[in-house]
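In case you want the letters, here they are:
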Amino acid sequence: MDQLNQRPDQHTVARLGELVEDLPFAERIPRRSGDVAFDEAWEIRAFSIATALHTEGGFEWPEFQSRLISSIERWESENSTTNGRNWSYYERWMLALEEVVESRGMVTPEEIDRRTKQILETPANANHQHAVREPITVSPAASTAHLGERWPIDRTPSAHS
C-alpha cells in the first residue's frame, strides 16, 4: 500500500489471514462476521505494527507467537474470571510486541516507558486543530460524499432561516 486508507491487495489480505490463523489462541481473537475486529484505534495500530515489522524482516512470526502465548499464559495465571479484570486479546498482543522489539534491540524499555508516559499525559483533544491521518480510518467526507448524489441537499435559504 502506497497511500493511507488504500485497500491492501489480495496477496496482502491472504498473507495477513494466514498469519492470524497461525496465532495461538486464535479462537479468542475478537471477530465480527468472521473477520478480525478492533474496538479501539490502538488495537489496529498494534496489529498493524506487528504484522509490518514481521513483513519487513524485523522478527519471525514464531518468535512473536511464543511471546504471545507467554503473555496470555501469564494473564491466565494472574487472573481469575471472578476478579473483575477484563480480558483483552490486544493487551496481550501489545505486551508480546513490546517484548519482541525490546529483545531485538529495536527499542529500550526506557524508550517505551518514556513515550507511554508522554502519550498518557497528553490530553485527548490536545491537537484537535490539526488533521490526524490514521493508518486505517474512515474519512467522514468520503463516506458521506455519496449522500448528495442520492439525496440532493437544498442549500437555498429557507423562509424559516
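These numbers were taken from a predicted model, which means no experiment stands behind them. Within each chain, residues carry numbers counting from 1 in the order of the written sequence. Where local features are concerned, this predicted model is filtered to residues with pLDDT of at least 70; where side-chain atom pairs are given and counted, the filter is 80 or more; whole-chain, interface and lining totals use all residues. No hydrogens and no water enter the side-chain calculation; it runs on all heavy atoms of the structure.

A. Local environment of the packing of aromatic side chains. Two aromatic rings from Phe, Tyr or Trp, using only the six-membered ring of Trp, form a pair when their centres are within 6.5 Å; if the ring planes differ by under 30 degrees the pair is stacked, by over 60 it is edge-to-face, and anything between is tilted. For the structure on display, the rule yields 10 aromatic pairs. Ring centres of tyrosine 89 and tryptophan 93 lie 6.4 Å apart, and the angle between their planes is 45°; this geometry places the pair in the tilted category. Of this pair, tyrosine 89 and tryptophan 93 both sit in helix 4 (residues 89-103), 4 residues apart, roughly one helical turn. For tyrosine 89, a relative accessible area of 2% corresponds to the buried category. Any residue under 20% of the maximum accessible area for its type is buried, any over 50% is exposed, and the rest in between are partly exposed; the area is computed with a 1.4 Å probe on protein chains only. Judged by relative accessible area, which is 0%, tryptophan 93 ranks as buried. Every member of this aromatic cluster is reached through a ring pair, and the members are Phe38, Phe47, Phe59, Trp61, Phe64, Tyr89, Tyr90 and Trp93. Secondary structure counts use DSSP, requiring at least four H or I residues in a row for a helix and at least two E residues in a row for a strand, with both numbered from the N terminus.

B. Local environment of the nonpolar core. What makes a nonpolar core is a set of buried Ala, Val, Leu, Ile, Met, Phe, Trp, Tyr and Cys residues whose side-chain atoms join them at distances within 4.5 Å. Of all hydrophobic cores here, the largest spans 22 residues; its most connected members are Leu23, Ile29, Trp61, Phe64, Leu68, Tyr89 and Trp93. Every element with two or more residues in this core is listed here: helix 1 (10-21), helix 2 (41-55), helix 3 (61-78) and helix 4. Among the elements that line this core, the one with the most residues is helix 4, at 7 residues. Residues count as neighbours in contact if any of their non-hydrogen atoms are within 4.5 Å of one another. Isoleucine 29 has contacts with Val20, Leu23, Val36, Tyr89 and Tyr90, leaving out every residue within four places of it along the chain.

C. Representation of the environment of serine 66 within the structure. Summarising the element assignment, serine 66 is placed in helix 3. Judged by relative accessible area, serine 66 falls into the partly exposed class, the value being 37%. Residues serine 66 and valine 100, 34 residues apart in the sequence, show an inter-C-alpha distance of 9.8 Å.

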